[in-house]
Amino acid sequence: VYAAAFLIVSGLELAASRALDSRGIFIIGMSLICGLGVMLMPGLTANAPDGLRYVFGSGFVMAGLTAVVLNLLFRIGTSMQAVQPLDADPAISRTITDFIETQGARWSARREVVSRAALAGMETSELLAIYGHGRRPTAVRARFDEFNFDVEISHRGPPIALGGMQTPDIRHLLDADDQATELAMANISHVLVQRLADKVRTGSRDGVSFVHLHFSH
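Keep in mind the model is a prediction, meaning the values are calculated, not measured.

Student: Help me understand the packing of aromatic side chains in this model?
Tutor: For any two aromatic rings, the description comes down to two numbers: the centre-to-centre distance and the angle of the planes. Applying the stated criterion to the full structure yields 3 aromatic pairs. Three or more aromatic residues joined by ring pairs form one cluster here, namely Trp107, Phe144 and Phe149. We note Arg205 situated over the ring of Phe210; from NZ or CZ to the ring centre the distance is 4.4 Å.

This is the structure in structure tokens:
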């Protein structure tokens, strides 16, 4: 009884820690239905061959097999990637956030990682706007496997330089001019992006600048 209760609670805790879309919810629900159905109605497997009766007669085994088969069918947890163009989007920050949250749920990534990635993506968009000089996001790419969640934001203009920034003292901003305030806002975005992501790197590839955000999963 203790082992069964421990497994059930651990499974529910793991499921609750993931961002789930309709596919993930369907997998969990169908697995529970198959497992509980066998437990509550053992007669369902009465006509099964003797060699398979143990497999189909166990609620835990049926629930586990159903989850594995549906995961393989929907390819949840495997390496996946997606791209969202941003060129003509008037609400870039919101689009980036929605894209990361949607893909995180579709891939059943951990909620905490998805939340950090969405916030870091929004701050990166704000950082590019503050730096100016023609910098504007053109596309956001996301890639996920069970160990990594990566977000890359491509943008126009030269790459930005990260590092060496410190959080400004709010007391010094009370009498600051517009230029100093703008620089302070850039510093804040710098610090937030670097603290939210596990690794941040910038550069250019094939003439296109990018900001790459890595999150350990």
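Next comes the rest of the description.
Student: I'm lost on the sheet that holds strand E2 (residues 137–144) in this one. Help?
Tutor: Pairing between sheet strands relies on hydrogen bonds along the backbone, with the strands arranged either parallel or antiparallel. Across the sheet, 5 strands lie side by side as E1-E2-E3-E5-E4; this open sheet has antiparallel pairing. Each edge of the sheet is formed by a strand with only one pairing partner; in this case those strands are strand E1 (80–85) and strand E4 (199–205). Geometrically, the sheet is characterised by an average inter-axis angle of 15 degrees between neighbouring strands, direction not taken into account. Two strands pair when backbone bridges link them, and E1 and E2 are joined in this way by 6 bridges, in the antiparallel orientation. Its bridge partner lying in E2, Ala82 is registered against Ala142. Along the sheet, helix H6 (residues 111–131) contacts E2, strand E3 (148–155) and strand E5 (208–216); its crossing angle with E5, the most-contacted strand, is approximately 155 degrees.

Student: How do you make sense of a nonpolar patch on the surface when you look at a structure like this?
Tutor: The grouping of Ile8, Leu12, Ile28, Leu32, Leu36, Met39, Leu40, Met41, Leu44 and Phe60 at the surface amounts to a nonpolar patch, some 1,000 Å² of accessible area in total. Looking at the nonpolar patch, the elements that each hand over two or more residues are helix H1 (2–16) and helix H2 (22–40). Element by element, the count of residues in the nonpolar patch is highest for H2, at 5 residues. Mapped onto the secondary structure, Ile28 falls in helix H2. Assessed through its relative accessible area of 32%, Ile28 is described here as partly exposed.

Student: Which parts of the structure should I look at to understand the pairing of E5?
Tutor: Every other side chain in a regular strand lies on the same face of the sheet, so the side chains alternate between the two faces. In terms of residue burial, E5 counts as a mostly covered element, since 7 of its 9 residues are buried. Sheet analysis places E4 next to E5, joined by 7 bridges and oriented antiparallel. If you follow Arg205 over to E5, its bridge partner there is Val208. The antiparallel hairpin formed by E4 and E5 contains 2 residues in its connecting segment, where Asp206 sits at a positive phi of about 55 degrees.

Student: Explain the pattern of salt bridges to me, please; I cannot follow it from the model alone.
Tutor: Where charged atoms from two side chains of opposite charge approach closely, those side chains can pair. Within this structure, the stated rule accounts for 6 salt bridges. The salt bridge involving Glu112 is made with Arg110; its shortest N-O contact spans 3.1 Å. Its relative accessible area of 30% is what places Arg110 among the partly exposed residues. Taking the shortest distance from any N to any O, the salt bridge between Asp145 and Arg143 comes out at 3.6 Å. For Asp145, a relative accessible area of 14% translates into the label buried. Taken together, the salt bridges that share partners define one network made up of Arg110, Glu112, Arg116 and Asp198.

Student: Can you help me understand the layout of surface pockets in this one?
Tutor: The gaps left among the atoms become clear once a water-sized probe is rolled over them. Estimated volume of the largest pocket: approximately 910 Å³. Every residue lining the largest pocket is counted, 28 residues in all, and those nearest its centre are Gly11, Ala15, Ile28, Ser31 and Ala67. Taken together, the elements giving at least two residues each to the lining of the largest pocket come down to H1, H2 and helix H4 (59–74). Here the element with the most residues in the lining of the largest pocket is H2; it accounts for 8 residues. Looking at the lining of the largest pocket residue by residue, the class counts come to 16 nonpolar, 10 polar and 2 charged.

Student: What exactly am I supposed to notice about the packing of helix H3 (residues 50–57) against H4 here?
Tutor: For any two helices packed against each other, one specifies the crossing angle of their axes together with the interaxial distance. Remark: H3 packs on H4, axes separated minimally by 5 Å, with the N-to-C direction vectors making an angle of 80 degrees. Between H3 and H4, the angle falls in the class roughly perpendicular. Taking contact as the criterion, the partners of Val55, Phe56 and Gly57 in H3 are, on H4, Gly59, Val61, Met62 and Leu65. Grouping the amino acids of the contact of H3 with H4 by side-chain chemistry returns 5 nonpolar, 2 polar and no charged.

Rules of the game
Residues numbered from 1 in each chain as written. Predicted model: local features only at pLDDT ≥ 70, side-chain atom pairs only at ≥ 80, totals over all residues. Heavy atoms only, no water. Phe/Tyr/Trp six-rings, centres within 6.5 Å; stacked < 30°, edge-to-face > 60°. Lys NZ or Arg CZ within 6 Å of the ring centre and 35° of its normal. Pairing = 2+ DSSP bridges. Helix = DSSP H or I, 4+ residues; strand = E, 2+ residues; numbered from the N terminus. Axes fitted to C-alpha atoms, helices over the stretch in contact; angles between N-to-C directions. Contact = heavy atoms within 4.5 Å. Patch = residues over 30% accessible without salt bridge, like charges linked within 9 Å, V, L, I, M, F, W, Y side chains within 5 Å. Areas by Shrake-Rupley, 256 points an atom, 1.4 Å probe, with all protein chains shown as cover. Salt bridge = Lys/Arg side-chain N within 4 Å of Asp/Glu carboxyl O. Buried < 20%, exposed > 50% of the residue type's maximum accessible area, 1.4 Å probe, protein only. 1 Å grid on protein atoms, 1.4 Å probe; cavity = no way out; pocket = protein on both sides within 12 Å on 5 of 7 lines; lining within 4 Å. Points joined across faces, edges and corners; volume = space filled by probe spheres on them. Nonpolar A, V, L, I, M, F, W, Y, C, P; charged D, E, K, R; others polar. Parallel < 35°, antiparallel > 145°, perpendicular 65-115°, else oblique.

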